Amino acid sequence: MTTVALKDVTKVFHDGTVAVDNVNLDVDDGEFMVLLGPSGCGKSTVLRMVAGLEDPSSGAILLDGELANDLPPRDRRIAMVFQDFALYPHMTVNDNIAFPLRLSGVEPASRGERVADVASALGIGDVLGRKPSQLSGGQRQRVAMGRAIVRRPGLFLMDEPLSNLDSGLRAELRAEISGLVRELNVSTIYVTHDQAEALTMADRVAIMRKGVLQDVGTPTQVYGRP
Ligand code: ADP
Ligand code: ADP
């Protein structure tokens, strides 16, 4: 479990682009926060700063109440999923999901058990022996999520994870992702430009435009409907 707080966070890139302009945002323990806004408004930059992949130009990022600006990404207990699944093509589903456990030195026996648990929660228990090329788009995204959560992160960061899928699959996976994240009770920041996605998935929505956070609230507070 993890809380996130951004205090007066600004990011100005070397070319002078102000990507994030004095943003304040709190994510509670176990909360599903959706960061919504048009392309180029600064959503990914916020996510990358929370992950430690990008330094804020000014302001503070707190994880569990502790200043995290100088904390290396590997010490943040964060898992990230992007729109391109970036699975290892030569490895089976099982080995893709087990890979982070192997890196962190988990014993083979417990690796198998953890992979089986995650795979069954994601409905991909029957394709563990396949390679990514033998999977559907939806199955590949489930494998990417499985690989991200297998180390039991405190915070889950997702950047447009469904934008490369067709609309039927998007709707199906929306429900699946929010169900899974709530089951795991893991705090989540989910980036999208899709308002329907935000309305159906979020505990709270943070609306961003041109680097500025315009509004934060439940879907009902922000849009007057759930
Ligand atoms: P930083 O201030 O974080 O060091 P830089 O301005 O040095 O960032 O750019 C980092 C990288 O991002 C460079 O490889 C650069 O080519 C790339 N980049 C530059 N402009 C953009 C942009 N508008 N969108 C995405 N990436 C960009
Ligand atoms: P979003 O995720 O909402 O599409 P981004 O956070 O990727 O937006 O980008 C916000 C703004 O910062 C955009 O104008 C983008 O071009 C710019 N930008 C992103 N990365 C860099 C970079 N490395 N160097 C310079 N400008 C960047």
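Keep in mind it's a predicted model, so treat the numbers as computed, not measured.

Rules used throughout
Residues numbered from 1 in each chain as written. Chains lettered and ligands numbered in written order. Predicted model: local features only at pLDDT ≥ 70, side-chain atom pairs only at ≥ 80, totals over all residues. Heavy atoms only, no water. Pairing = 2+ DSSP bridges. Helix = DSSP H or I, 4+ residues; strand = E, 2+ residues; numbered from the N terminus. Contact = heavy atoms within 4.5 Å. Axes fitted to C-alpha atoms, helices over the stretch in contact; angles between N-to-C directions. Buried < 20%, exposed > 50% of the residue type's maximum accessible area, 1.4 Å probe, protein only. Patch = residues over 30% accessible without salt bridge, like charges linked within 9 Å, V, L, I, M, F, W, Y side chains within 5 Å. Areas by Shrake-Rupley, 256 points an atom, 1.4 Å probe, with all protein chains shown as cover. Salt bridge = Lys/Arg side-chain N within 4 Å of Asp/Glu carboxyl O. Lys, Arg positive; Asp, Glu negative; His and termini not counted. Charge placed at Lys NZ, Arg CZ, Asp CG, Glu CD. pLDDT = per-residue confidence, 0-100. Near = heavy atom within 4 Å. Polar contact = N/O pair within 3.5 Å; in protein donor to acceptor, adjacent residues only side chain to side chain. Nonpolar A, V, L, I, M, F, W, Y, C, P; charged D, E, K, R; others polar.

### With respect to the sheet that holds strand 4 (residues 58-63)
Backbone-to-backbone hydrogen bonds pair the strands of a sheet. The strands run either parallel or antiparallel. Spatially, 2-1-4-5 is the arrangement adopted by the four strands of the open sheet, whose pairing is antiparallel. With one partner strand each, in any of the chains shown, strand 2 (18-27) and strand 5 (66-67) form the two edges of the open sheet. Judged from the six bridges that link them, strand 1 (residues 4-12) and strand 2 form a sheet pairing that is antiparallel. Bridge pairing in strand 2 places Leu6 opposite Leu25. Here helix 1 (residues 43-51) sits on the sheet in contact with strand 1, strand 2 and strand 4, set at roughly 120° to strand 1.

### Things to note about helix 1
The buried fraction of helix 1 amounts to seven of the nine residues, a majority that puts the element mostly inside the structure. Every buried residue belonging to helix 1 is among Lys43, Thr45, Val46, Leu47, Met49, Val50 and Ala51, and all of these are buried. Immediately downstream of helix 1, the backbone of Gly52 shows phi near 85°, a positive value.

### Topic: a negative patch on the surface
Together, Asp26, Asp28, Asp29, Asp64 and Glu66 make up a negatively charged patch on the protein surface. Mapped onto the fold, Glu66 is located in strand 5.

### Let's talk about the confidence of the model for the protein chain
For the protein chain, per-residue confidence averages 92 on the pLDDT scale, and 98% of positions sit at 70 or higher. Across the interfaces of the predicted complex, the ipTM metric reaches 0.73, alongside a pTM of 0.85.

### Thoughts on the sheet that holds strand 3 (residues 32-36)
The strand order across the open sheet built from six strands is 6-7-8-3-9-10, with neighbouring strands paired in mixed fashion. Strands with a single pairing partner mark the edges of an open sheet, and in this sheet they are strand 6 (78-81) and strand 10 (212-217). Between one strand and the next, the sheet's axes are offset by a mean angle of 15°, whatever the strand orientation. Sitting on the sheet, helix 4 (residues 137-149) touches strand 6 and strand 7 (155-159), and the angle it makes with strand 6 is about 165°. Each of strand 3, strand 7 and strand 8 (187-192) touches helix 5 (residues 167-184); the most contacted strand, strand 3, lies at about 140° to it.

### With respect to the site of ligand 2
Around ligand 2 sit Phe13, Asp15, Thr17, Ala19, Pro38, Ser39, Gly40, Cys41, Gly42, Lys43, Ser44 and Thr45, and those are all the residues in its vicinity. In this structure, Gly40 approaches ligand 2 through a main-chain N or O atom, which is 2.7 Å from an oxygen atom. Out of a free accessible area of 570 Å², ligand 2 has 61% covered by protein chains. Classifying every residue of the shell around ligand 2 by side-chain character gives four nonpolar, six polar and two charged.

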